[in-house]
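Now for the letters of each chain:
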Amino acid sequence: MKRIFPMLILTLITTAASAEMVEVPWKGDYAHNYDAVYTPDNKHRSGLSKNFLNGAPDEGSKVQKDGVLSAEIIKPKGSTGPVPFIILMHGCTGLSKAVAIWAKEKAKVFLDNGIGVVILDSFKPRNVKRTCGEANYHWGWRRAEDAYSVLDYLIENKLAVPSEVYVMGRSNGGTAVMMVSHSHYSSNHRNTFAVVFAVSPGCAGLTKVKFSTQLIIFTGDKDNANDPKVCQEIVSDKVQLVLFKGVHHGFEDKGQAYVMSNGWRMEYNANADKETINRSLAVIKSKEAFRPGVEVR
């Protein structure tokens, strides 16, 4: 039951919208990707992979060229043609119970504002349980290609307005969407995202990157999973950092605070959670709401 619970809970929002489970063909055969499979020595480079399964321990060391992603596509009630869309991407725990609740709550807000939602599961199709630990750029790069695969699917099937597709990722998903905005990476894709929203991402290794898509980072100054100080080193006219004072990792998940086995403190913060979504909606509705630089809240 644990594996299907996220999809069951998400059906609670379908009474006010049109929802459909789909299999999205994965695409990875691009110039910036490699044929090399995973080894401990090249785990970061092998994240830039042309293979759907690339031999990582998390996926049972299997290698497979092609594959499909699992996604729930939800359109606003009454919509008939293409609409703006946002893709929601989970963190290192996959589409767990807490993440499914997060996706359900955020999906409802976006749908109520006329924005379609894709809830993307990167792990279940690869039989991955979790990838938590140090900032995991192998899976960040792998999942950036997942986001672009869904972007292409939405546009090719005339579900989304091509110029109004957004992506929001949390934790490892936040790292993945930052990589989506990487100028070299994005330049090889036919379609592009309008704005990228990264919630509590790992920024190490990305401070010197040139970003081609507007990127908003939301993080807490008490986050001990992904160092927020590193994110503050990113300076660009394409990047806005909203830094929440006194806020920990997992601020978007309601419930009692707790410490994971690896020492990460997870603690809900209603103000940071609300501000993240309100800011994201404001930028979606008016690009003038995007303000580069660091803002402490």
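In what follows, the structure referred to is the one given above.
On a predicted model such as this, the values are computed, not experimentally measured, just so you know. (Residues numbered from 1 in each chain as written. Predicted model: local features only at pLDDT ≥ 70, side-chain atom pairs only at ≥ 80, totals over all residues. Heavy atoms only, no water.)

**Student:** What is the right way to look at unusual backbone geometry in this model?
**Tutor:** Where the residue is not glycine, phi is negative for most of them; where a peptide bond is considered, it is trans in most cases. Positive phi, close to 60°, is recorded for Ser61, a residue that is not glycine. Assignment of secondary structure puts Ser61 in the loop between β2 (53-54) and β3 (63-64). With phi around 55°, Lys158 is a residue other than glycine that occupies positive phi space. By the secondary structure assignment, Lys158 is in the loop between α3 (137-156) and β7 (160-170). (Helix = DSSP H or I, 4+ residues; strand = E, 2+ residues; numbered from the N terminus.)

**Student:** Where do I start with the layout of surface pockets in this structure?
**Tutor:** Over the atoms, a rolled probe matching the size of one water molecule traces out where space is still vacant. Its boundaries defined by the atoms lining it, the second largest pocket holds a volume of some 240 Å³. Residues that form the lining of the second largest pocket fall into these classes: eight nonpolar, seven polar and four charged. (1 Å grid on protein atoms, 1.4 Å probe; cavity = no way out; pocket = protein on both sides within 12 Å on 5 of 7 lines; lining within 4 Å. Points joined across faces, edges and corners; volume = space filled by probe spheres on them. Nonpolar A, V, L, I, M, F, W, Y, C, P; charged D, E, K, R; others polar.)

**Student:** Would you take a moment to explain the state of the cysteines for this structure?
**Tutor:** Working definition of a disulfide: a covalent bond connecting the sulfur atoms of two cysteines. With the rule as written, the count across this model stands at two disulfides. In this model Cys92 forms its disulfide with Cys132; the gap between the sulfur atoms is 2.0 Å. Looking down the S-S bond of the Cys92 and Cys132 bridge, the torsion is 85°, so its handedness is right-handed. Of this pair, Cys92 sits in the loop between β5 (83-89) and α2 (97-112) while Cys132 sits in the loop between β6 (116-121) and α3, placing them 40 residues apart in sequence. The exposure class assigned to Cys92 is buried, which follows from its relative accessible area of 7%. Cys132 sits in the partly exposed class, given a relative accessible area of 25%. When the bonded cysteines of the protein are counted from the start of the sequence, the pairing works out to 1-2, 3-4. (Disulfide = S-S within 2.5 Å. Buried < 20%, exposed > 50% of the residue type's maximum accessible area, 1.4 Å probe, protein only.)

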